Each structure stands twice: as structure tokens, then as C-alpha cells.
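Understanding the architecture of this molecule
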Amino acid sequence: MNKEINEETIPKARVNPSNEEDPSEIVQADSTPNSLKEEERWVCWEYSNQGSGKPSKKPVQPSGDGARTDDDSTWSAFDETLQSVIRHERDGVGFVFTNQGPYVGIDLDDCVEDGHIDEWAQEIVDTLDSYTEYSPSGTGLHIIVKGDHPAERQRKGDVEMYEDGQFFTVTGKHVSETPMTVERRQDALEEVSAQYLSAETTSCPSVESDHNRSEPISTSDQELLEKAKSADNGEKFKRLWHGDTTGYESHSEADLALCSMLAYWTGDDKNWIDRLFRKSDLYRAKWDDEHHADGRTYGEGTIETAISSSRDYTANTQTRSGEATQKSPLTLQQARDRCQRIINKSLADGEHVLVDALPAMGKSSGVIRGAANTGTPLTVFAPRHDLYEEYTRWCEQEDLTSRQLPSFHEDCPTASGEFGEEWKNKVLTLYERGAMPHEIHNHASRHFGEELPCDKEGACPFKKRWDFDPDEYDVLIGHYSHAYKPQTVENRIAVFDESPVDDFVQKFNGDEVTKAVSAYLDDAEDPPFDEFTDLVENRGESVDRDTAREWFNKQTLTRDGQRVLANAKDDAHALSPVLAYTVFAAKDLGNGWESVTVDAQTNSSIDTSYIAARDRSSGDLFLVNPPALADAIGVVGLDGTAIPELWHLVVDDQLEHQRVLDDDERREYISECLNYTVIQTAQTSKPYSGGQHVKPVQDRELFDAIARREDTSPALITSKTAISQYQEKGSLSSVGSMKNYGGFKGSNEFDDERVGIIAGSPHYGDDYVKRWGALADERVERRGYGMDTDYGTFGNLVLRNMREHSVFQALMRYGRDDDGATVYVHTAALPDWIPIEERGEVELWSDGMSEVVDELLSLDHDGQGLTTTEIAEETSISERMVRDHLSKLEEYGLAKKDKHPEDRRTIVWERDSLNQRHATGYVKWGDTSE
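All values derive from a computational prediction rather than experimental measurement.

**Let's talk about the packing of aromatic side chains**
- Per the stated rule, a full pass over the model turns up 32 aromatic pairs.
- A centroid spacing of 5.0 Å and a plane angle of 80° characterise the contact between tryptophan 551 and phenylalanine 552, whose relative ring orientation is edge-to-face.
- Their ring planes at 50° and their centres at 6.1 Å tell us that tyrosine 581 and phenylalanine 584 sit as a pair that is tilted. Here phenylalanine 584 and tyrosine 581 lie together in helix α23 (residues 576-585), a separation of 3 residues that amounts to about one turn. Residues tyrosine 581 and phenylalanine 584 agree in their burial class; the two are buried.
- A network of ring pairs unites the aromatic residues Trp42, Phe78, Phe95, Phe97, Tyr103 and Phe168 as a single cluster.
- One cation-aromatic arrangement involves lysine 286 over tyrosine 298; the distance from NZ or CZ to the ring centre is 4.5 Å.
- Arginine 771 extends its terminal NZ or CZ atom over the ring of phenylalanine 622, reaching a point 4.0 Å from the ring centre.

Shown next as C-alpha cells:
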């Protein structure tokens, strides 16, 4: 029987801490079992809210530092943890499960609704008969027992079972009629595991039954399944068949993967695929939901997509007759076809998808082909005009109508400088202070005392270009900033080409924030603070925060361009109200940064959402305002090296990450499809952005060696600072064209370069990573250096995006005409999936070796050579060290020994391949195949 629950007792999720809830009531300590409270396995936890999607829970120490479930030094006692929750308004406490035992946690999701515990969950509660409490959301249950986890599988459907490497949020909100203590229940654990978590079970509560599920599997079905399960990739098939979605970004991706396999084995028989899928543990009621505009169900659409992609299902398997076959090599066309199918499906279904496709897969042109194939209207947002022109050309090829959205800086004659620099500076100053172009045009007379020059003889061309009906065009093309105008995406798919995450982050320097906030408070009525300094110094304990928060709630905290146009001074900004509130509400992360998310949940006067991070030292403030995509019918992101977490934070938290190729396929794609040969010449990260790690002499030796080896002048990509140092030290004599990391985007200069060098990796400093951490409400601290640098889970994603992915994008600038290139990468900062063909190492001579080399270089080619003793007499080092150096030169093929022509018992040394090019060092090359 389902237990009745008083709805008033069910806790509600608290995404953003506020004074509306007494922190001491977040955890009911008296109801929490003493046996758990006596353990030093406790952490605090906080919601990490990255937009409107479901927040995640991150463990933190009482100090505010990040906690880890695999590091007991970050765990604390219960009382210390609870006090930190109360004092710092954290969201709750958590208990860590370890392999030291004796506790196992069972998490039942989505099982409490409308005052009832679902029957399936109640059966588990009754079977385990141990301490049970409500989850923080009030929609789930947590059960803790003593025992050993009986199986490897930890999750299936809405049932999870953990004994190591996880933490449970603990509320102490006890479920009545269950024990108040943690009981030993090994037999019950095994029973629940067998019924709900085993690979064979079909009683997973998230899988809804259907009459087809109860039908017996026919002999032909059984034979097919046995073949699929016994193939080389049969383990993957079995996991999917039994409902295990591990390794897939979503349940839908797992559905498609299983259907693709079934398509292969059934010979693309739609009815057979459907019949079999309904008998798998992946089957859900959603399978029969109408999911497409043409009336097709979710299942029908998935099967059709699977059949179109089943030819890609070439992982080592068996033929349908049971004969063994080998994996077919990946071709460039296969990769492009696979990318196109993902794009077509995303557009046809109006999905929110992040397409992770490496360069040269045709993803940009693919969205235009997809629009032509599906009849879907698009708005494409891109960072550069060269891409606008390419998209326009692709639209013409596909007979699609297109329109480029107007640019204030280029299409307004006043803003572009046609009426002089003075007028240009006037309007651009207003624009930089947050006034919109239409506000500047419409209210110019009030602000300047006259119309803009571009409006004096009819409407400005910029305004005229906005006068159009979007429905008349298949494709609209514009900059990322156009995504803030809802009419550009209404009833269209919004497409973002290349990663726009930095473009949606607006920086305000410290002085700008100080002026804007002070101006806002000066104009406001009865503000709780006089000016910026008063706000910063008194926003804590010394001011009634409730009163201040109430005042801010009564204000209109939105962008206000009129504020700028009405202010004759230069201190106002259209976002002054938002800046003032973010400074007031931001919390100290304890690493020099502050963070706050501002939306309608935290302030009722907000009409959009903002995420802010503030540097406490400089006062610089960074504001994220995600684009206005509510009226879009879908969103597609195109990225060659996607970090989904950054896209979710800044663009759209609903994006589903879909990689076109897995890591093994990426290696094959780079080496076999694009014909790249990658040679790595460093085992350290070599952060060259700041300049202090650049080694011009050593790098010159490398550049010269590469030029000799390849018999050409290689092109170079490195940092601006490195180029400056190379030029100063004369290190570029053997180098051809050069680009810095910031200058190669959008450049086609290296498209036909066959030999290239990438020297060093970009690193913008710890504060860059901390800033992104603050925007994600994460405290980031650095541990280690070089390739051992560790910023924590989220910070390492930022590091990878900044460093490894930038190096890869630089690599891909060479040989982009499909003929490939040989690229020497002088940094260890490369993605793991880059195939390394060979390694090189630069060795600069020591002072002693330099003396030995100089003596050998002084020899006449026709001379008789020098003995070890003779060389030692001309150097400042011992004869033993000279002998060691000569042996190394012999090993490198630079020197050779021979018998003295007159005294055959005496050994003399001569040059072999040693010449003046080796005066400072030597580059060793070696095969890295394993």
C-alpha cells in the first residue's frame, strides 16, 4: 500500500540560497542516524545552477574549498559540516560512501508525487527495512543500509545503488514507519540488486510495459540476438539491450545506437527493428509519442535515422550469416555523411543539439544543405564576415533565399565614420555604454541636440535594412550579437557556428563599474547605499541585507538605454542597475573572485538572466547574458572541439552534446582521412603567452633542424610574445610565414602549407580560469604546474579549451585543402586523441660539450683528427668528461673515431656529420609507434 505523505513536510529544492528558508532547518540533525553522524565522512554541498536547467550538486568543504569523494582529507565531522551550512547558507550536508564500508546507499528517483510513494519504490523500502529519508527535492527517497554492494552495475532507470566514490545528500527528513537506524541488510540488498539492477531484469521502474513486451521472442529473433551478442562488439549490444546507457550523452543516443545495430542485423527491416526494440530494456512509452511535424512517432524517426546510418556500423562484428569481418577504414565521405545525418535530424526535429565535428567535416555548409533537405528556416550566427559570405554562397548553391542582418558599425554611415571621426566617436561611445543602435537613432535629437547625419536626408541605411519580413527568407545570417533580438530566431532554428562562449561574456573594468554603480545610486530614490564604495564596504553584516534586497526588488533591474541618453556625463551605463545588484548580491568564493546568478528567482524585477563574476582585486566584472532563444524552434551549435559545459553556461543549457566521431575514429580521421602527420617535439606544456618560458636559442635549433629535414621553410604559429623574442634573437632565419594564436582564426593563409610548426601553447593566466569558474559558481584553485596543472573538474575543462583545443585548432590551419600536412608540435598540450607519428627532442649543448664541438669544428677536413687527450688540453673540462661528450656525439652520428694514420694503436676523433649548424645543439628524432 502506498503511504500518504503530508505535502507540507516535503522539502523543496533551493536553487539559490535566500533568507526565505532558515538554514538550520535544511538538515534535521536529530533524525539523522547517530551511526552516520559519528563518521568523519561529511561534506557540505551546494547547487551549481547554470541556467534554467536542472542544477547539479557539488561537494564542498566547510571552508568553501572543493571536496572530493575520493580524497578523505576533504571530508569533515558532521557538526563542523552542519555549522558551515548554517553559517554560510550552503544548501545541505552530504555523506560520503567509500570502499571501507560498511554503508551502501540506495537512491530512488522520481518516486514521490502528489503525496504518495510509488508502489515500486515502496516495495524496495519495505524489502530493505532500514533508515529512509526524503531527498532535497522531495520527489525521491534515500535509503542507507549496512552491507556490501552485490553487483558491478550501479544504476538502472530510477534506481541507483552505491558503496564507493559517491556522496548522498542527507536531509534527516525521515520517512515514517521506517527504522530510525541504519540496519544490516545484505540479503535484502542482493534481492533488490537482482530484481532492479541486474542486466537480465526487465522490471526497471523507468521502463513502461507494453503488450509487445510480454510476447515471447521468436526463434528467428532469438537467433539474431545470439549473433549480435556473440559478435566482437557484442558486449556493447548486450549492455544496450539490457537498458544500460553508460557512455551515451542521453537515453535518445542509446536508443539510436541500439537501433543502428538492429538495422545492421535485420537488413534494415523497419518492422523487425521495431518489434525487437520493444522487447529491449531501452523501450519507453516515448517510443510511440508523436514526435515529428509530419506525424511520425519518436520510434519511427529513430528507426529511419538508424537505417540511414547503419552503414557506419562497421565496428568489428560478424556478417549476418555469422562470418567474421574486420572493421572497414573510415573515409572522409563517411565522416561527412554521418555529420550531415546528425544535422538533418536536428533540424527536422527542432532539437537542441551541440554537433561536435572536427574541421573539414562540412558542418557549416551542412546546415545549409540540411535546411534545403528539411525545409527548415534558419538563422545562422557566426563571428566573421568571411563566414557570412560563405553562407550566402552556400544558400545560392542550394537555391535558398538568404539575407545578411545589418551591422551598426558598417551599415550606419555615422557609426562607420562616413560623416567624420567626431560623429563616429560620439555614437560609438553611447553604444559602448549600452545604448542600442535604434535608441541612438531615435533619441539623437534629445542627446545631441540634432538628428544623426545619416537620418537628415531620409532614414539611415542601417534602419532601412532592418525593415524586412523574416518569413520571406529561408536563411538569415548575422553576428552572435544579433541573437539578442528575439525576432531574428522566432519560429526558426538558431545555428551558432564556432564556439561563441567568449562573445557572450561582457567585461566591465573596475573603474567603469565604480562609475556606473555610483551614478545609478546617485540617481535612485532612497538607496540603501550612497555610492559604490559604500556598497562594497557595507554589503555584509553591517547592513540590513533584507532591507537592501527589498529595495533592489522594487527597482527595475533591466537594461535601460534611456539612462545613458539622458545622462550628459560619461559615467552612466545601460546596465548600471544590473551591475549594482550583482555587486551587492555576489558571494565571495574565497579565491579572489565573487559570483552571483541573477534571475527572476533571485529578484522579481529581473526580466532576463545574468551570470556575473567579479575580480575582488581589480574590480573587473564579467557579465553573461545568454541569447534570447525562447522563440526559436530549435538550437544547433557547431563546434570542432566542443566543451558542452561552457556552451550550456553561456548559450543554451538544453543543448545535447553529440560527437560525430569517437576518440579512435578521430585518430583515424586525422591521419588517414585528412593526411596529417603530427610530430611532437616537447614533453612540457611550454606556455608561451606570457613570454617567460620562451627559449629562442633552443627553438632556433629546432626550426633549423625542421627546415633541413623537410627541405623547406616551415610556417609557424606561436604567441605574439614568442614572435617578438624570436625576432630579437634572430631565431627565424629558417622560418617562412608566421601567425600568432590570436591571428589565425579566419585566415586561409596556411591552407596549402605542407610543413608547419606550432611553438608553445596559449595560457591566459590563472585568473582566466578562475573567472570561468566563478561564472559557473565554482571555486577554482590551481595545483601543480605544466602538464600536471590541476584546476579541479570544471577548471580543467576551461584549461583544455584554452590550451589543448587551441593547439589543435592551430594544427588544423595547415594543409586545409585535403592534401594534409606535416606539423611539428613543440608542446605536450595536445588532446589525447591526436595521433603522434614521431617525437623529437632538442638538446642544447652544455658549456663543456660546446668546447668539444668547437674543437672538432676547427679541424681541417683533410686533417688527421685529434686524440681525446689533445681535445681535453684545449678545453676547461676533464679528459673523462671529454670522452663522455665524444661518445654522445658518436651516438648522434656527428663524430667518429678512427686509428691514427701513423700510430695504429692510438684512437683519434674526427667530424662525421657535424657542421656549423650543430654549434649550439642537436635535435634527436625517434619513432613513437607502440
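Picking up where we left off.
**Details of the pattern of salt bridges**
- Per the stated rule, a full pass over the model turns up 46 salt bridges.
- Among the salt bridges present, the one from arginine 779 reaches aspartate 65, with a minimum N-O distance of 2.6 Å. Here arginine 779, found in the loop between α28 (766-775) and α29 (792-802), pairs with aspartate 65, found in the loop between β2 (56-60) and α2 (78-88); they are 714 residues apart in sequence, far enough to count as distant.
- In this structure, the salt-bridge partner of arginine 559 is glutamate 439, at a minimum N-O distance of 2.9 Å. Here glutamate 439 lies in helix α16 (residues 437-442) and arginine 559 lies in the loop between α21 (545-554) and α22 (561-566), a separation of 120 residues in the sequence.
- Note on glutamate 439: relative accessible area 9%, which makes it buried.
- Connected via shared salt-bridge partners are Arg539, Asp588, Glu594, Arg614 and Arg616.

**Considering the nonpolar core**
- In this structure, Val355, Met361, Ile368, Leu378, Tyr669, Ile758 and Leu811 are the most contacted members of the largest nonpolar core, which totals 55 residues.
- If one sorts the elements of this core by residue count, helix α10 (residues 332-349) sits on top with 6 residues.
- Setting aside chain neighbours within four positions, we find leucine 378 in contact with Leu347, Val367, Ile368, Ala371, Asp474, Val475, Leu476, Arg492, Ile493 and Val495.
- Counting residues in each nonpolar core, the second largest holds 40 residues, with Val505, Ala613, Val624 and Tyr791 among its members.

**Re helix α31 (residues 847-857)**
- Among the residues of α31, Gly848, Met849, Val852, Val853, Glu855, Leu856 and Leu857 are the ones counted as buried.
- The inward-facing, buried residues of α31 abut α32 (868-873), α33 (879-891), β30 (895-899) and β31 (907-911).

**Quick notes on α33**
- With 13 residues, α33 should reach 18 Å at 1.5 Å per residue; the first-to-last C-alpha distance of 18 Å fits that figure.
- Those residues of α33 that fall on the buried side of the exposure criterion are Val882, His885, Leu886 and Leu889. Down the axis of α33, the buried side of the element spans an arc of 100°, and every buried residue falls inside it. Counted as exposed and oriented over 90 degrees from the buried face of α33: Arg880 and Glu891.
- Close packing links the buried residues of α33 with α31, α32, β30 and β31.
- Glycine 893 lies just past α33 and shows a positive phi near 80°.

**Details of a negative patch on the surface**
- On the surface, a cluster of negative charge is made up of Asp469, Asp471, Glu472, Glu490 and Asp631.
- Here glutamate 472 falls in the exposed class, since its relative accessible area comes to 53%.

**Focus: the confidence of the model for the protein**
- Averaged over all residues, the pLDDT of the protein equals 85, while 87% of them reach at least 70.
- pLDDT under 50 marks residues 1-24. Its contacts with residues more than four places away, or in other chains, come to 61 contacts.

**Here's the deal with the environment of tyrosine 484**
- Here tyrosine 484 shows up in the loop between β15 (475-479) and β16 (493-497).
- Separated by 142 residues in sequence, tyrosine 484 and proline 626 have C-alpha atoms that sit 8.1 Å apart.
- Once residues within four sequence positions are removed from consideration, tyrosine 484 is found in contact with Phe504, Asn625, Pro626, Pro627 and Ala628.
- Within polar-contact distance, the side chain of tyrosine 484 engages the backbone oxygen of asparagine 625 at 2.6 Å.

**Remarks on the side chain of serine 365**
- Mapped onto the elements, serine 365 comes out in helix α11 (residues 363-374).
- On the basis of relative accessibility, which here comes to 14%, the residue serine 365 falls in the buried class.
- In this structure the side chain of serine 365 is engaged in a polar contact, spanning 3.4 Å, whose partner is the backbone oxygen of glycine 362.

**With respect to the sheet that holds strand β22 (residues 634-639)**
- Strand order in this open sheet of 7 strands is β14-β15-β13-β16-β22-β12-β23, and the pairing throughout is parallel. Two strands bound the open sheet, and with one partner strand each, they are β14 (402-404) and β23 (656-659). Averaged over all adjacent pairs, the angle separating strand axes in this sheet is 20°, with direction ignored.
- By the bridge criterion, 3 bridges tie β14 to β15 in an arrangement that is parallel. Each bridged residue has a counterpart across the sheet, and for serine 402 the counterpart in β15 is valine 475.
- Contacts from α11 reach β13 (378-382), β15, β16 and β22 within the one sheet, and its direction differs from that of β22 by about 150°.

Rules of the game
Numbers given to residues run from 1 along each chain, matching the order in which its sequence is written. It should be noted that, the model being predicted, local features are given only for residues of pLDDT at least 70 and side-chain atom pairs only at 80 or more, the latter also being counted only at that level, while totals for whole chains, interfaces and linings use all residues. The side-chain values count all of the structure's non-hydrogen atoms but skip hydrogen atoms and water molecules. Working definition: rings of Phe, Tyr and Trp (its six-membered ring) pair if their centres are within 6.5 Å, and the pair is stacked with planes under 30 degrees apart, edge-to-face with planes over 60 apart, and tilted otherwise. Helix and strand definitions here come from DSSP, where helices need a minimum of 4 consecutive H or I residues and strands a minimum of 2 consecutive E residues; each element is numbered from the N-terminal end. Three labels apply to residues, based on accessible area from a 1.4 Å probe with only protein chains included: buried if under 20% of the type maximum, exposed if over 50%, partly exposed otherwise in between. A ring has a charge above it when a Lys NZ or an Arg CZ is no more than 6 Å from the ring centre and no more than 35 degrees off the ring normal. One speaks of a salt bridge when a side-chain nitrogen belonging to Lys or Arg is within 4 Å of a carboxyl oxygen belonging to Asp or Glu. Here, nonpolar core refers to any group of buried Ala, Val, Leu, Ile, Met, Phe, Trp, Tyr and Cys residues whose side-chain atoms link them within 4.5 Å. Residues count as neighbours in contact if any of their non-hydrogen atoms are within 4.5 Å of one another. Take the residue count of a helix, subtract one, and multiply by 1.5 Å to get its expected span. Directions are taken from the helix axis to each C-beta atom, and the arc is the one they span. The patches reported here contain residues having more than 30% relative accessible area and no salt bridge. Joining distances are 9 Å for like charges and 5 Å for nonpolar side chains (Val, Leu, Ile, Met, Phe, Trp, Tyr). Per-residue and other accessible areas follow the Shrake-Rupley method at a 1.4 Å probe size, with only the shown protein chains counted as cover for residues. His is not counted, nor are the chain ends, whereas Lys and Arg count as positive and Asp and Glu as negative. In this description, the location of a charge corresponds to atom NZ of lysine, CZ of arginine, CG of aspartate or CD of glutamate. As a per-residue measure, pLDDT reflects the predictor's confidence and takes values from 0 up to 100. What qualifies as a polar contact is a pair of N or O atoms within 3.5 Å, subject to a donor-acceptor requirement within protein and to the restriction that residues adjacent in sequence count only when both atoms come from side chains. If DSSP finds at least two bridges between two strands, the strands pair. A fitted line through C-alpha atoms represents every axis, and for helices the fit uses only the stretch in contact; the resulting angles, taken between N-to-C directions, go from 0 to 180 degrees.

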